[in-house]
Amino acid sequence: MGDIKDENKILRLYIDEVGNTSYPKTDPGQDFQKRYLGLCCVILKKANQPEYLEDFTQLRNIITTDVDEHGKIHIHRKDILDKRGYFKKLLDKDKEEEFNSKLLEVLDKKSFRVIFRAIDKFNHKKRYARPMYPYHYMIGSIVEEYVRFLEVINARGDVMIESRGKKEDDLLQEFFESFLKTGSSYCSPEKIANRIISKNIKFKEKSDNIPGLELADILAIPVLFQLLDKKKIRIFDKQSFN
């Protein structure tokens, strides 16, 4: 497949997880962090990335106009809700209203797409004698969906994930390269190669303040709760994360 130079046809998939990545040893009930693993994935066009960078700069400006401080302000959902760290300034109701209004404006944009996948790890483990590591299982499912999406819009793209530590990152990179080579029953290696432009995942720290990763972080828990609510599943300790 020839190179695609149109920035509207070059995309990036940003991935953040909700829930821990290990299988529970005993039935966790409806403790969602132990029972479920969800991956929230935001897709942005290369052409739109400067727009979102400016949006998140404006959010930081609401917290402080001192641009030297912007690098220390990480748009993280839990910090915003708890009004901790720099977000203590949101205790000011006017500032909170201004911040929330801007954030909702960003979330209401139509220039990004979301892929979300979740599994009940406890039930998944019971179905298989030797189940795959759940995080890698989910990444494979997400890449399949991403490739199908890229096919539909005739685009190509790569993948960025928030770093989870060197050991975890190395294992994930190894799995990713293997998946690209072997594909799956739903997605051939040739089909993947036509759409994924790099065999290397781009790992970034939370402190890098990547708008796509920050969007995924903000959306991950609300989307999981919406999914579970539709299935009429009650969630333990949900109030702590609203």
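Our subject is the structure that appears above.
Summarised in this report is the structure supplied together with it. (Residues numbered from 1 in each chain as written. Predicted model: local features only at pLDDT ≥ 70, side-chain atom pairs only at ≥ 80, totals over all residues. Heavy atoms only, no water.)

With respect to the overall build of the chain
Thought 1: If you tally the helices and strands in the chain, you get nine helices and five strands.
Thought 2: Along the chain, helices and strands appear, N-terminal first, in the series β-α-β-α-α-α-β-α-α-β-α-α-β-α.
Thought 3: For the chain, the C-alpha atoms occupy an extent of roughly 55 × 50 × 35 Å along the three principal directions.
Thought 4: With 242 residues in all, the chain has 47% of them scored as buried.
Thought 5: In the chain, the proportion of contacts linking residues at least 24 apart, taken out of those at least 6 apart, comes to 76%.
Thought 6: Summing over all exposed atoms, the chain offers an accessible surface of approximately 13,000 Å²; the carbon and sulfur share of this is 49%. (Helix = DSSP H or I, 4+ residues; strand = E, 2+ residues; numbered from the N terminus. Buried < 20%, exposed > 50% of the residue type's maximum accessible area, 1.4 Å probe, protein only. Contact = heavy atoms within 4.5 Å. Areas by Shrake-Rupley, 256 points an atom, 1.4 Å probe, with all protein chains shown as cover.)

Some thoughts on the environment of Tyr-23
Thought 1: Structurally, Tyr-23 is set in the loop between strand 1 (10-18) and helix 1 (32-35).
Thought 2: Spatially, the C-alpha atoms of Tyr-23 and His-124 are 8.9 Å apart, while their sequence positions differ by 101 residues.
Thought 3: When neighbours within four sequence positions are excluded, Tyr-23 is seen to be in contact with Lys-121, His-124, Lys-125, Pro-131, Met-132, Tyr-133 and Pro-134.
Thought 4: Of the polar contacts made by the side chain of Tyr-23, one reaches the backbone oxygen of Met-132; its length is 2.6 Å. (Polar contact = N/O pair within 3.5 Å; in protein donor to acceptor, adjacent residues only side chain to side chain.)

What to know about the packing of helix 2 (residues 49-63) against helix 4 (residues 93-107)
Thought 1: Closest axis-to-axis distance for the helix 2/helix 4 pair is 9 Å, and the angle between their directions is 170°. Between helix 2 and helix 4, the angle falls in the class roughly antiparallel. Residues Tyr-52, Asp-55, Phe-56, Gln-58, Leu-59, Ile-62 and Ile-63 of helix 2 form the contact with helix 4, whose own contacting residues are Lys-95, Glu-98, Phe-99, Lys-102, Leu-103 and Val-106.
Thought 2: Its residues placed into classes, the contact of helix 2 with helix 4 shows eight nonpolar, one polar and four charged. (Axes fitted to C-alpha atoms, helices over the stretch in contact; angles between N-to-C directions. Parallel < 35°, antiparallel > 145°, perpendicular 65-115°, else oblique. Nonpolar A, V, L, I, M, F, W, Y, C, P; charged D, E, K, R; others polar.)

Quick look at the nonpolar core
Thought 1: Core analysis: the largest hydrophobic core is formed by 34 residues, its most contacted members being Ile-75, Phe-87 and Phe-99.
Thought 2: Of all the elements in the fold, those that place two or more residues in this core are strand 1, strand 2 (36-45), helix 2, helix 4, strand 3 (112-120) and helix 9 (211-230).
Thought 3: Contacts of Ile-75, omitting those with residues within four sequence positions, involve Phe-56, Leu-59, Arg-60, Ile-80, Phe-87, Phe-99, Glu-214, Asp-217 and Ile-218.
Thought 4: Judged by nonpolar contacts, the second largest core, of 29 residues, contains Leu-11, Cys-41, Ile-139 and Val-159. (Core = buried A, V, L, I, M, F, W, Y, C linked by side-chain atoms within 4.5 Å.)

A word on helix 2
Thought 1: The terminal C-alpha atoms of helix 2 lie 22 Å apart, and with 15 residues this matches the ideal 21 Å at 1.5 Å per residue to within 8%.
Thought 2: Those residues of helix 2 lying buried are Tyr-52, Asp-55, Phe-56, Leu-59, Arg-60, Ile-62 and Ile-63. Buried residues in helix 2, looked at end-on, bunch into an arc of 155°, giving them a common side. (Expected span 1.5 Å × (residues − 1). Arc of directions from axis to C-beta.)

Observations concerning the sheet that holds strand 3
Thought 1: The strand order 3-2-1-4-5 describes an open sheet built from five strands, whose pairing is mixed. Bordering the open sheet on either side are strand 3 and strand 5 (202-204), each of which pairs with just one other strand. The average undirected angle you get between the axes of adjacent strands in this sheet is 25°.
Thought 2: One ladder, built from nine bridges, connects strand 2 with strand 3; its direction is antiparallel. The residue bridging Gly-38 from the neighbouring strand is Ala-118, located in strand 3. (Pairing = 2+ DSSP bridges.)

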